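Next come the chains, spelled out residue by residue.
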Amino acid sequence: MEDSSVLSLRSAIGFTGSVAGGLHYTPCGKFVVFPLGSTVVLRSLASKDQFFLDAGVDKNVACLSISKDGAFLATGHETPASFTAEVVVWDLKKVISNYSSGVASLEGCILHVLSQHQKKVQAVDFSCDAQYLTSLGGPDDNDIVVWNVSTGAAVCGSPAASDFSHCVKWLNKRNDRFVTCGNFHVRVWQVCPSTPKLHAVDVSMGSIRRVMQCLCISAEDAFAFTGNKTGEVVKINIERDEIKPFDEPETCHPSLAGYNKDRFSKGVKSLACVVNPTTGNTNLLAGAGDGTVQILNPNLQRIPSHAAQLQGGVTSISLHPDGKSFQVGTEFSQRYSIDISSFTPELRETCHYGPIHDVRFPAKSSEIFITASEQDIRVWSVSKKRELLRINVPNTTCYAVDVTPSGKSIVSAWSDGKIRSFFPESGKLQFMIPDAHSDAVRSLAICHAKGCDEGSEWHLVSGGNDGTVRLWRINETHQRLVHSMKEHRGAVNTIVCNSNATQAASASADGSCIIWDLQKGVRVHALYDPAVFNTLSYHPDESQYLTGSSNTKIGFWDAYDGSPIRFIPGGECDITSLDIHSSGTYFVSGGADKDVNVWHYDDGKLVGSGKGHSGKISKVTLSPNQKTVVSVGAEGGIFIWGLAV
């Protein structure tokens, strides 16, 4: 019987920084809200605790918005295929109330799930009084829809423009007007709910033709500011006539008011209006694609003393309600806090900005773990929940990582066919094996007999995308190939070694697991199944193998002759990772169904389950003290679980 106390979520590390405008302060200033895959995270600034908003929509969050009174939260989603993309409206006040009272349930917090757009919701925004919500469809849809927040009914809709639109913002003092911008256009809209009707007026841009990708409105609703891919901030007078009969002449038309001559590198990706408390003038916070954040005065001139350089393109700028500071989110999933007066950036949190492929604890420490992802390896603290070390290798992907038993080397497998080893204290390169495999190196394992000193020489087994398994002898001066074994016809997804380092087992996408004699470099026996083997583990007493594959089954195999013992259903989707408790009584699994499961080994029954991931789980691992489980996923999230068995 499943017990909720067996697996408890302690914390999560992650932030989808690629979502434009994804990072928000709540109006009370006590929380920040940001996307992580298909979920939204509500994080307390005081306690650092997190609350996860999962609507059960299996699609990544593409945009989000909070109403000005803090009562509602809206998220727009995107799907990889041409299916309907939903807009989810949350009762944010109830969510915060549940969080504050310690209630983990989200029952009654979802007000509406709105379905209208195809493939992607590009942007969402609430009117100033939170009576209406506007949603903008993505490139395959490009429709704009106005929704009644209280009823969830569509009020009216229209094609956004003849070209792709990127952003939508309501005016701050009127609940019947909003502005959209996109490829070569800016439009000022007026809503007539009684008709119902949407009326758009195109802004006269003169000879300026730009791709506008972000938008903000001044506090008095006189001007809109747009950032474009050319690196300019464009100021627009948005005054327009009310909706008139077609035969009445136009008296007021929105028009271009100016733009900055000193362009930002790699385009302007985010904007926010900030009022100077001394002069009362409206200044601009601009975030550029090269990581620059800078204040512009009302004449759109840069203020040199108020500029900062961050890591990654700036996709989000959110002002604190007190107006004294703001938070910034970047494409590299970094979150910064910047005080406006001093303009000194403070790095608040880091995380991976791409899929995480592997995670590993050192053999003698349950306090730190290592993750492998796009272009880097990172070392994390379990207790502090923050990054301790980052090792960058540009333009490559790390697929696997392991640590020598002494902890003196972090060994990694890379997409460029190289095996790299780094010093764990400094992150400097220790050695590199070039052309370790003709294609990407997909898996590796360090061979070390338990109870033996590592000494000056040790062995390493690697598996390639070409199906080759190779044994390497490593010493202080050089690395030598001992055996090259080629029987797999598909990528080698996992390699594990036995306790005395005489055998290694490799799981492949060709539907086979092969057990190798490392001393002779030959096959001992093989396991076959009509499915893709994703993962494999030795039982602690090495009497059995445990496998996870694409047929959703967890397989138990006899280690003596490789014969199958039994198969149990492991979930609804592929089983991608397994790890067995040192006692052999329990094991942990993760898969494409996004659940972390704890099983009783002998009974084959599920005893605990944890939900949190919004993407396929790439790897689960147990800490050496067997009290912590760390799971990593394709959405870039790291989840730390407490295990009580």
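Owing to the predicted nature of the structure, the values given are computational and were not obtained by experimental measurement.

Rules used in this analysis
Residues numbered from 1 in each chain as written. Predicted model: local features only at pLDDT ≥ 70, side-chain atom pairs only at ≥ 80, totals over all residues. Heavy atoms only, no water. Phe/Tyr/Trp six-rings, centres within 6.5 Å; stacked < 30°, edge-to-face > 60°. Helix = DSSP H or I, 4+ residues; strand = E, 2+ residues; numbered from the N terminus. Buried < 20%, exposed > 50% of the residue type's maximum accessible area, 1.4 Å probe, protein only. Contact = heavy atoms within 4.5 Å. Polar contact = N/O pair within 3.5 Å; in protein donor to acceptor, adjacent residues only side chain to side chain. Pairing = 2+ DSSP bridges. Arc of directions from axis to C-beta. Axes fitted to C-alpha atoms, helices over the stretch in contact; angles between N-to-C directions. Core = buried A, V, L, I, M, F, W, Y, C linked by side-chain atoms within 4.5 Å.

Enquirer: Just checking my understanding: could you explain the packing of aromatic side chains for this structure?
Expert: For any pair of aromatic rings, the description consists of the separation of the ring centres together with the inter-plane angle of the planes. Tallied over the entire structure, the rule returns 20 aromatic pairs. The interplanar angle of 65° and the centroid separation of 6.0 Å between the aromatic rings of Phe51 and Tyr99 together place this pair among those described as edge-to-face. Of this pair, Phe51 sits in strand E5 (residues 50-53) while Tyr99 is found in helix H1 (residues 92-100), placing the two residues 48 residues apart along the sequence. You can call Phe51 buried: its relative accessible area is 8%. Overall, the relative accessible area of 17% leaves Tyr99 in the buried class. For the ring pair Tyr132 and Trp170, a centre distance of 6.3 Å and an interplane angle of 10° mean the geometry is stacked. One end of the pair, Tyr132, is in strand E11 (residues 132-137); the other, Trp170, is in strand E14 (residues 165-170), and 38 residues separate them in sequence. Classification of Tyr132 as buried rests on a relative accessible area of 7%. For Trp170, a relative accessible area of 1% translates into the label buried.

Enquirer: In this structure, what is going on with the environment of Val145? I would like to understand it.
Expert: With respect to the helices and strands, Val145 occurs in strand E12 (residues 143-148). Sequence separation between Val145 and Ser135 is 10 residues, and the spatial gap between their C-alpha atoms is 5.4 Å. Beyond its immediate sequence surroundings of up to four residues, Val145 is in contact with Gln116, His117, Leu133, Thr134, Ser135, Ala154, Cys156 and Gly157.

Enquirer: Looking at this structure, how should I read the side chain of Gln122?
Expert: Along the chain, Gln122 turns up in strand E10 (residues 121-126). Reaching out from Gln122, the side chain makes a polar contact with the side chain of Lys120 at a distance of 3.4 Å. Contacts of Gln122, omitting those with residues within four sequence positions, involve Ala62, Cys63, Leu136, Gly137, Gly138, Pro139, Phe164, Ser165 and His166.

Enquirer: Explain the pairing of strand E47 (residues 564-569) here, please?
Expert: Remark: a regular strand shows side chains that alternate across the two faces of the sheet. With five bridges joining them, strand E46 (residues 553-558) and E47 adopt antiparallel strand pairing. Along E47, the bridge assignment pairs Trp557 with Pro564. In sequence, E46 turns back onto E47 through a hairpin of five residues, with Gly562 there showing a positive phi of about 75°.

Enquirer: How do you make sense of H1 when you look at a structure like this?
Expert: Think of an α-helix as turning once every 3.6 residues; residues three or four places apart then point the same way. Looking only at H1, the buried set comprises Leu92, Val95, Ile96, Asn98 and Tyr99. Down the axis of H1, the sector holding all buried residues measures 160°, keeping them to one side. Exposed residues pointing more than 90 degrees away from the buried face of H1 are listed as Lys93 and Ser100. Buried residues in H1 make contact with strand E3 (31-36), strand E4 (39-44), E5, strand E6 (60-66), strand E7 (72-78) and strand E8 (84-91). Remark: Gly102 follows H1 within two positions and exhibits a positive phi of approximately 80°.

Enquirer: Sorry, what's going on with the sheet that holds strand E41 (residues 503-508) here?
Expert: The strands making up a sheet associate through backbone hydrogen bonding, with each pair oriented either parallel or antiparallel. Reading across from one edge, E40-E41-E42-E43 is the order of the four strands in this open sheet, with antiparallel pairing throughout. In this open sheet, the two edge strands, each paired with only one partner strand, are strand E40 (492-497) and strand E43 (522-528). Between one strand and the next, the sheet's axes are offset by a mean angle of 20°, whatever the strand orientation. Two elements, E40 and E41, share five bridges in a ladder whose sense is antiparallel.

Enquirer: In this structure, what is going on with the nonpolar core? I would like to understand it.
Expert: A general tendency of soluble globular proteins is for nonpolar side chains to be buried together. Grouped together as the largest cluster of nonpolar side chains are 34 residues, with contacts concentrated most on Phe369, Val596, Val629 and Ile638. Looking at this core, the elements that each hand over two or more residues are strand E1 (7-13), E3, strand E30 (356-360), strand E31 (368-381), strand E50 (595-600), strand E52 (617-622), strand E53 (628-633) and strand E54 (638-643). Top element by residues in this core is E54. It accounts for five residues. Within the second largest apolar cluster, 18 residues are counted, among which are Leu42, Leu53, Val57 and Leu64.

Enquirer: When you look at the pairing of strand E15 (residues 177-182) in this model, what are you seeing that I'm missing?
Expert: Counting buried positions along E15 yields six of six residues, so the element is predominantly enclosed. Sheet topology places E14 next to E15; five bridges connect them, and they run antiparallel. Bridged to Trp170 within E15 is Phe178. Between E14 and E15, which pair antiparallel in sequence order, lie six residues. In terms of strand pairing, E15 meets strand E16 (residues 185-192) through six bridges, oriented antiparallel. In the sheet register, Thr180 faces E16, and the bridge partner there is Arg187. A loop of two residues connects E15 with E16, the two strands running antiparallel in sequence, and Phe184 in this loop sits at a positive phi of about 65°.

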